[in-house]
Amino acid sequence: MSEEFLRLFEKWKKAKGFLVVGRGVRRVDALEKVLGEARYVEDYFFDGMLYVRLVKSTIPHGRIKKIDVSGALRLPGVVGVFTAKDIPGINQVGYALPDQPLLAEGKVRFHGEVVALVAAEGPDVAEEAARLVKVEYEPLPAVFDPLEAMNSKVLVHEEKGSNIAETTKVRKGDVEKGFEQADVIVENTYRTGHQDHVYLETEGAVAVPEPGRITVIGSIQYPHLCQTITSRVLGLDMAQVRIVQASVGGAFGGKDDMGPLVTAKAALVAYKTGRPAMLVYTREDSFTSHCKRDPSIIEYKSGATSDGKLTAIQVKIILDSGAYANRGPFVLWRATMHASGPYEVPNAKVDGFLVYTNKVFEGSFRGFGNPQIQFAAESQMDELAEKLGLDPVEIRLRNILKPGSLTITSQKLDHSVGIGEAVKKLAEVSDFKRKWAEYRKDGGVKRRGIGIACGWHGISTSRGVPDWSNAYINIYKDGSVVCGTGICEIGQGTHTAHAQIVSEVLGIPIEHIKIVGGTTDAPDTGATHASRGSSIGGIGIFVAAAKLRERVEKVAAKLLGCTPEEVEIRDGKAYCRGVPDKYIEWRDLVKKCYETGVEMSATGYFFLPKGTFDQERGQGFAYPAYSYVANVAEVEVDMETGQVKVLRVWPALAAGKILNPTLVEGQLEGAIAQGLGYALMEELVFKDGVILNANLTDYVIPTVEDVPEVMKPVYVEDLYQYGPFGAKGVGEMALIPTPAAIINAIYNATGVRIRELPATPEKLYFALKKARG
Amino acid sequence: MLPRFKYLRPKSFEEALELLDKYGEQAKLLAGGTDLIVKMKDDVVKPKYVIDLSRLEELKFISKEDGVIKIGALTTLREIETSPIIRENVHVLSDAVEKMASWQIRNLGTIGGNLCNASPAADTAPPLLVLEAELKLTSSEGERTVPIDQFFTGPGETILKNNELLTEIQIPIMSNHAGTAFLKLGRRFAHTLSIVSVATLVVVEDDVFKDVRIALGSVAPTPVRAKKTEDRFRGLSATKDVVEKNCVWVVEDVSPISDVRASAEYRKEMSIVLTKRALIEALDEVR
């Protein structure tokens, strides 16, 4: 079956030029967003709508003895209070492991865990009632430190018998031998902290009961997953639950995980009361109760020969998963398989541990385990270079992956490996080598520094985990087109990229194409995560459009008196190649198709071919392809205060075809800002499992004064055989190497290396002071 | 969610004083609301009455007369930031204000509110301390004027009586030429609460420090003058070397705590660095 698709891919790859692909086409949703017409969850209102507020655990660990809702129910305007026992279906929402209830049952495992839902006629009454729900707990000893949790008698999940939720490994070659062959060895421990997504719009959903089904409008990333979980919680058929995305005010992975949890909660209230129900998390709820980026502890040992070739790595990764595994097993898997960085390493031993603690649970966040491990890997590369007397670019180029290379899972990379060229070009445009040599000799109070870091990111799901794409396209009688996809528009512009694909393949203007996305009314297209929305998500659209194009071409060929291969369609007109004065209007062509029995609808299902992975040996096929990235950061360090100003960042991408450079620049700039926050300032402060800075006063994120100038990107278009026009993935990429690039630049400026993120002014100040002696 | 309270909005200054006499003990005053409303939402304060002063137009002004700049307590931070009178005569105040919060919050927040909220991190306090401003406090019983360094008594605490209102900030314009500077260190480069803030004022005659004033925020229970350090400078030659040598003594004048924003140790060391830099900047201005 996949031969048909390969034929279509190959055919379009040979295109001599493109009409709209590769151009900075204006966003299809620009006008509605500029005019304030786009509707986010809170902009919806339905007659009789109830407001839902959360009752949250006030202790980090304990048994629920009693929930007294009588006081809340007595308050005028309160319609109901719902706890685990009110769930008609299954109270289980765990993603990777079945360990997580929608509403706490029997036990609470972190401070802020949702115990009950209060529904009332107005938001203030709901809030007041939530405070009147009295939950009686029997506190249990709690464990907060992941290292301690690994051997603790305190169990977050007693039935598991251990706090280790998951382990992973890679075994390639013989690391003992590898380290024997090494002339230099570098061994360090790295730590990274929590990161909150801080999307402008917090989590939310509004559920509306309808005859025979329930519709939920939510701030989400995967409607079909929301549908699966919501229907399971309610005990309904999936067909009885319809999920539609609202305009989404930022997601970054967090709403992939939280989407189903809020749609299920809103739907539960709507189902129990028969009334529309809106749940929107406050900013404090978002801080205390939504998943964060997993904190990590990474022990990393690297060896290299005197000519700078890596001989072995030995890595231990510990991820703090908080109270539930959620995506953790997949986050850990990704971190483990990417542990080498984008380099050839003949001998590798990597062990990963996902550990439960009594803190807020962790989950998906742009980069998905990779920012943590690339921070360690790319710090190690600079330390090896320092010991060997090489510059940071040189040591990377001596080990960089290229077509034909084997990864640490011994997967052969047969094509689409553009990282080497990207690094070379990046070093040139940033004048890296000269600056690097000059800045390290710098003195004075304010010192410049420059640093480079690379990253790689497997696209699609890992191993043999099934991944597919799909979409439908309807061409209406007037020639206008609707394309349905499950992929969500979460601010990144993916629906614009989708419209470009349809426009390119059918040869009609974008104004006549409407993308209907983020809905269970469209085919299941997989999640809008893993940088796959435009690329993997776009395959289904490409295939459906290419099928329709072939049908239309046949009709056009007859009318124009040429072969289908000679038909050209552009600007809504079909021509025979080389005959520019004779054409048929697209609208007439479509009419002809309708009259002559040609089907004007198509779907574009495509199942990604994958290999196998041996879990025992930690070897095999990890990902269908990788996107690659490298960043150069230039900083100025205030030696007296420890403040770091990131002046400029040069990004480079080897992510296949760049479908829309304007949208890609948006992703690069946003990812760099978010990576900068992670590297320099963002930090959750806990005391006994309670977050002390669950607010935007004391959880600080970068402002416009903090973000650097992002320079013109370097693109190496290393086309991927299954991507639409060869596209891979972009969304997460530039965040991944940003922390290491900044930390390496700080080292270049000061000679001091920070191994724990964030590198706050205070942390750097005391490190500088210590180095001065 | 805001707790329940009774909302009172006097239409005149006299009515405000009457309401204070009646409810002062159980009331909170609402000026810009940027501190009070947040504290109420967070359950930190639960006043029975909230007296909204926003209609008292007579407390919104900036004037200059007889060598004194007078600022009505309800003047917004944004109005201070953009006032030519402030910029031309006491720029150290507008320098501090423009680094506070965000434009939107400066549109609401008032100078009186910033002072009466009495946060150790109140950024208008250090400039007013080095300018030796005086505060006019009014009640139905009369008026009194106090030097600003006597106003703060602890975090969130001032000498204001329950029935008393801060009505005016008076800044004497110095006859001899003074150099001033304000510096602030936060966790990022904008929209940030101070870890340490420093205002300085220097007067130099015959290359000698005739007067040196240093005030710091976020390093003690209240904004403070570093008087011991100031005394060391008077009479010494006005050079960078002297500044670098003597600024270290500022740790004797501060008593910071550790919190989620910074450790006490870091605050101490940054007090020295910022004092040094702010003194040099003030010095550069007079030379």
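Residues numbered from 1 in each chain as written. Chains lettered and ligands numbered in written order. Predicted model: local features only at pLDDT ≥ 70, side-chain atom pairs only at ≥ 80, totals over all residues. Heavy atoms only, no water.

**Description of a nonpolar patch on the surface**
Residues and elements named next belong to chain A. Together, Leu31, Val34 and Leu35 make up an exposed nonpolar region whose accessible area comes to about 330 Å². Turning to its location among the elements, Val34 is positioned in helix α2 (residues 30–34). Its relative accessible area of 70% is what places Val34 among the exposed residues. (Patch = residues over 30% accessible without salt bridge, like charges linked within 9 Å, V, L, I, M, F, W, Y side chains within 5 Å. Areas by Shrake-Rupley, 256 points an atom, 1.4 Å probe, with all protein chains shown as cover. Salt bridge = Lys/Arg side-chain N within 4 Å of Asp/Glu carboxyl O. Helix = DSSP H or I, 4+ residues; strand = E, 2+ residues; numbered from the N terminus. Buried < 20%, exposed > 50% of the residue type's maximum accessible area, 1.4 Å probe, protein only.)

**Points about the sheet that holds strand β3 (residues 49–52) of chain B**
Residue and element names in this part refer to chain B. Ordered in space as β1-β3-β2, the three strands form an open sheet in which the pairing is parallel. The open sheet has two edge strands, β1 (6–8) and β2 (27–30), and neither has a second partner. Each strand of the sheet is rotated relative to its neighbour by a mean of 25 degrees, with strand direction disregarded. Docked against the sheet, helix α1 (residues 13–23) engages β1, β2 and β3, running at close to 165 degrees with respect to β3. (Pairing = 2+ DSSP bridges. Axes fitted to C-alpha atoms, helices over the stretch in contact; angles between N-to-C directions. Contact = heavy atoms within 4.5 Å.)

**Remarks on the interface of chain B and chain A**
Of the residues lining the interface, 23 residues belong to chain B; the matching set on chain A comes to 27 residues. Overall, the association of chain B and chain A removes approximately 2300 Å² of surface from exposure, summing both partners, and the carbon and sulfur fraction of that is 53%. Taken together, the connections running from chain B to chain A amount to eight salt bridges. In this structure, the salt-bridge partner of B:Arg4 is A:Glu128, at a minimum N-O distance of 2.8 Å. Applying the counting rule to chain B against chain A returns 14 residue pairs in polar contact (both at pLDDT 80 or more). No other element matches helix α11 (residues 264–286) of chain B, which puts seven residues into the side of chain B that touches chain A. (Buried area = accessible area lost by both parts, 1.4 Å probe. Polar contact = N/O pair within 3.5 Å; in protein donor to acceptor, adjacent residues only side chain to side chain.)

**Quick look at the pairing of strand β22 (residues 573–576) of chain A**
All names here are of chain A. Inspection of the sheet shows strand β21 (residues 567–570) paired to β22 by four bridges, in the antiparallel sense. The partner of Arg570 across the bridge, within β22, is Lys573. The hairpin turn running from β21 into β22, its antiparallel successor, is two residues long, and Asp571 in that turn takes a positive phi close to 50 degrees. In terms of strand pairing, β22 meets strand β23 (residues 579–585) through four bridges, oriented antiparallel. Bridge pairing links Lys573 to Glu585 in β23. Counted between consecutive antiparallel strands, the loop separating β22 from β23 contains two residues, among which Gly578 sits at a positive phi close to 85 degrees.

**Digging into the packing of aromatic side chains**
The final tally for this structure, using the stated rule, is 28 aromatic pairs over all chains. Seen in terms of ring centroids, A:Tyr190 and A:Phe375 are 5.6 Å apart; in terms of plane orientation they differ by 80 degrees. Their pairing is edge-to-face. Linking A:Tyr190 in strand β8 (residues 184–192) with A:Phe375 in helix α11 (residues 370–388), this pair joins segments that are 185 residues apart in sequence. Looking at A:Phe375, the relative accessible area reads 0%, which means it is buried. Measuring from centroid to centroid gives 5.3 Å for B:Phe151 and B:Phe152, while their planes differ by 75 degrees, and the two rings are edge-to-face. Taken as a pair, B:Phe151 and B:Phe152 share a single burial class, namely buried. Aromatic rings pair up to connect A:Phe9, A:Trp12, A:Phe18, A:Phe542, A:Phe606, A:Tyr720, A:Tyr722 and A:Phe725 into one cluster. Residue placement shows A:Lys301 over the ring face of A:Phe179; its charged tip is 4.3 Å from the ring centre. (Phe/Tyr/Trp six-rings, centres within 6.5 Å; stacked < 30°, edge-to-face > 60°. Lys NZ or Arg CZ within 6 Å of the ring centre and 35° of its normal.)

So far we have only geometry, and geometry alone does not tell us how the molecule works.
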